[in-house]
Every structure is written in structure tokens, then in C-alpha cells.
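Topology and contacts: notes
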Amino acid sequence: MKTKVTQPSEKSKQTLSSGNALHVTLTAILLSGCSNSTLVKSHSLSASSAAYTETVNGLLDETINHVIDVDSKELLRTRIGTNPKQMLKDKNKSMKALIGEINNLRQQISLMNNYFINLQALADSTVKEDAGVNLGRISSRIQYMNNRPRSSDDSTRIDKLFSEKEEGYISQMTSMIVGSFYAARIETALRRDAPIIAKQMLIQEKQLKVILGILQNRLETANRMHLTDKVIIPYAAIKDPSFNQDEWVSNRRKWFQLEQAAPIFADVQAAQKALRLAWEDILRGKKDIGAVDIMLTDVNDFLGTLHALDQSRKDDSYLSHPLGE
Amino acid sequence: MSATVQESLDSLRNTRNVLNEMPGNLRNGWSLEDQIKFADDLHRISQRILQIETIKMTKGNQAFKKHETQLKKASAKLESFSENESNFLLMVRSINNSLGILDEIVELIH
């Protein structure tokens, strides 16, 4: 059995390296009024954002895969139901709706990453008249997504997810900006976009929390199925001539390995929050946003491990124990 | 996110886990009618879980507000069967008899 596990921070190192090519350093953003020590220690928000985007994309992919796989395994268990064709049709419809929403979140995260890249481009631009048209377009698009559906009276509007406290936080974002730190065009963009980006980040935080709950649940469900079908039932069937001891030992070990995969979930949420705080730091003219990178390294390790274990389980035709299903 | 909605979802997930853990060889010994009931129970519960998760993600608390108490009650009832009924067959039948309420509530929220 191969359980090839992605090396700890290779993926995130690559991500950060490609992110560095984009680098919106605060050095570039803070065009005036900064001390040298601030510049030396500054980290790149766009690099962190690129790393975050890639990590969360990986997480969303894993979620979609696990949701589909667990659902398919359940469909195999329920095939004998009243109307299998209709059951499959209903499940496909519900699954499409959930995957569609997960992909909406992916689009929002990608859009936000583009925003940070273009903020960098504006900061780096040597064209005096550069008003950051692209940045404005992306910001408008994010604002549009923040306000779905369009009617503010609609109880399902996405910003109804917010509490009063969170609304207050969003409205205070503009006042965080330390104007003297920035060139005029950057300051104008930040004043326009500060609440829009903060709102989007809060939406992402909430939706990511639901996604993590779903992924965690499907991992648990898959592990329970694995334990039942591949460990408990074969072990209890003492007269089964097809019992393979080596395979059983391997399956039991896999179950323990998968059980240990869960605690990292909190880190994903922490990384999301760190990115939002990094945005606040940009507005305030501060610089150290390294916390995001450190947490993303752990999350990428987790995703690599999860993927490798899942692959190895699939290699063993996990669905088909004769006494299980 | 409302604790009540999360508790309802947890109850449904727990019930689904118990159904998923029921060995196939045990179910094969049941009448066809009871095997169908088992399949319908698992299908309907996991279908409702998917729908609730999607609503939670897109609409948050507001969508559940009017019906969250009923949802919690219906979910807790299903979970109580899976927790307290040691006879798998009776559990499957009891869940089957009570699923209609859950279906109605989720349709209203949906």
C-alpha cells in the first residue's frame, strides 16, 4: 500500500514563490511616510492572498470530491429504495445546487485575489495618470457579489448574514485608513474599497465555516463507512474464507490515520481571519502579515495527506466488501 | 449561525451515521418492505441534509428563522430513535413513520 504524502510545505512554498512574483509589497503601497525598518520587515499581501486562494481552492476541491463520493456510496446503499431513478435524480439536483454554491465561493475568492494583484499593479504603476481602472472594475464586481440578490428588502440577500456588530465593523473600515501613508491614487482606491473588501471577507469567513463543517462531516461519514465495511464486518465474520489478514491490518491502520486528519480545520478559519486582519493592517499602514503564510503551510500539509490517504483507500476498492454491501 | 439550526443538522447527521453503520448482511435478512424502508430513510435524510447545508451557506439564519424550532423538534425525534432503539428493524420503521414532518419543514424553508 502506497501512502504517498505530500511533503510538508512544498506546495505552499511553490505557491508563495509564485505569489512573490506578483508581490504587492507594502513597500510599493506605502509610497510615502514610511521608515526603513518598516520596509525591511514588510510582507506581501498579494502573495498571501495568492497562497490563500490556492489553498482554499484545494480545500473546496476536496470538499466537492468527498461530498460526491459519500453521496455515491449512500446511493449504492439505497438502491433498493422505492424509486431508485427518482432518488438519483433528486440527489443529483441537490448535489448540483451545493456544488454550484461552493463554486460561487471559489469565484468570490478568485475575484478578491485579483483585486489584490491589481492593487499591487496600481501601486507599482509608473504611469502618473493611472487611475486603476481595472481595480475599480474588480471592486464593482465584488460589490455586486456582496449584494446578491439585488433587492435590499430580500430576506435571502447575502448581507443579511451579518449581525449588527459586523455591520458596524464594515462601516468603520474607511476610518481605519491612515491617509498620510499612501499616494493619492492608492488612498482613493482604498477609501472606495475598504468596506467592500471587508464585507466580502466576512462573507467568505461565514461560508467557509459552513464548507468546513460539510467537509469534516463527510470525512467522518466516510471513515465510519470504512470502519464498518472494511474493519468491523470482516473481523466479526470469523467463518468467512475470503478474509485477508494483511488487507484487514492495512484497512484498520488507514482508519486510524484518517481519524487523525481532522484537527487542522481550525487553521483554515484562522488563516481566513488572518487575511482579513492583514487587510486592516494595509489600511492602517502596518506591515506584518506573516501569520497567514504559516497557517497555510499546515493546511496544505493536511490537504496533501488527505488526498494521498483517500487515493490509497480508493485503490483498495473500498466499496466492495462482500459482507458489507 | 444559529445554534438551533446547527443542532438540527447534527441530529440528522447522527441519524444518518447510525443508518450507514447498519451492516448489509443484517439488512439482507429483513423483508423486502423493510429493506426499502431502510433505503428510503437513508435517502431522505441525506437529501434533507444536503438541502439544509446549501441553504445555510447561501441564506444564513434568516431562511430558518420561522421554522427552526420545528426543524429541531423533528430532527431530535429522528435522532432519538437512532439513539434509544436497540432493535435496528424497529428503528428503521420508526424513522420511516416520522420522516414526513421533516420533509414538510425543509420544503417550507427551501
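Residues numbered from 1 in each chain as written. Chains lettered and ligands numbered in written order. Predicted model: local features only at pLDDT ≥ 70, side-chain atom pairs only at ≥ 80, totals over all residues. Heavy atoms only, no water.

1. Describing the side chain of B:N17
Quick reminder of the rule: Strands are runs of DSSP state E lasting at least two residues, helices are runs of H or I lasting at least four, and both sets are numbered from the N terminus onward. Relative accessible area decides the class of each residue, using a 1.4 Å probe on protein chains only: under 20% of the type maximum gives buried, over 50% gives exposed, and in between gives partly exposed. For this analysis, residues touch if any pair of their heavy atoms sits within 4.5 Å.
Checked against the element boundaries, B:N17 lands in helix 1 (residues 3-20). Take B:N17: its relative accessible area is 5%, and that puts it in the buried class. Beyond its immediate sequence surroundings of up to four residues, B:N17 is in contact with A:T221 and A:R224.

2. Topic: the interface of chain B and chain A
Rule in force here: Accessible area that two parts lose when put together, evaluated with a 1.4 Å probe and summed over both, is termed the buried area. When a carboxyl oxygen of Asp or Glu is within 4 Å of a side-chain nitrogen of Lys or Arg, the pair counts as a salt bridge.
Opposite the 30 residues of chain B that make contact, chain A presents 38 residues. Both faces combined, the contact of chain B with chain A buries some 3,100 Å², and carbon together with sulfur accounts for 57% of it. Its largest share of buried area at the contact with chain A, chain B owes to B:H43, B:L50 and B:M57, together 23% of the area lost on that side. Seen at the junction of chain B and chain A, the total is three salt bridges.

3. A few points about the confidence of the model for chain B
Low pLDDT marks stretches whose predicted atomic positions should not be read closely. As a reminder of what qualifies: The score called pLDDT rates the predictor's confidence residue by residue, from a low of 0 to a high of 100.
Of all residues in chain B, 97% have pLDDT values of 70 or greater, and the mean over the chain is 91. Across the whole predicted complex the pTM is 0.78, and at the interface the ipTM reaches 0.92.

4. Some details on the packing of aromatic side chains
All names here are of chain A. Formally: Working definition: rings of Phe, Tyr and Trp (its six-membered ring) pair if their centres are within 6.5 Å, and the pair is stacked with planes under 30 degrees apart, edge-to-face with planes over 60 apart, and tilted otherwise.
This structure, assessed with the given rule, holds four aromatic pairs over all chains. Seen from their ring centres, F243 and W248 are 6.3 Å apart, and the 50 degrees between their planes marks the pair as tilted. When its relative accessible area of 29% is taken as the criterion, F243 is described as partly exposed. Using a relative accessible area of 16% as the deciding quantity, one classes W248 as buried. For the pair W255 and F256, a centre-to-centre distance of 4.9 Å together with 65 degrees between the ring planes defines the contact as edge-to-face. Taking the relative accessible area as the measure of exposure, W255 reaches 17% and is therefore buried. The class of F256 is partly exposed, set by a relative accessible area of 39%. Taken together, the aromatic side chains of Y235, F243 and W248 make up a single cluster linked through ring pairs.

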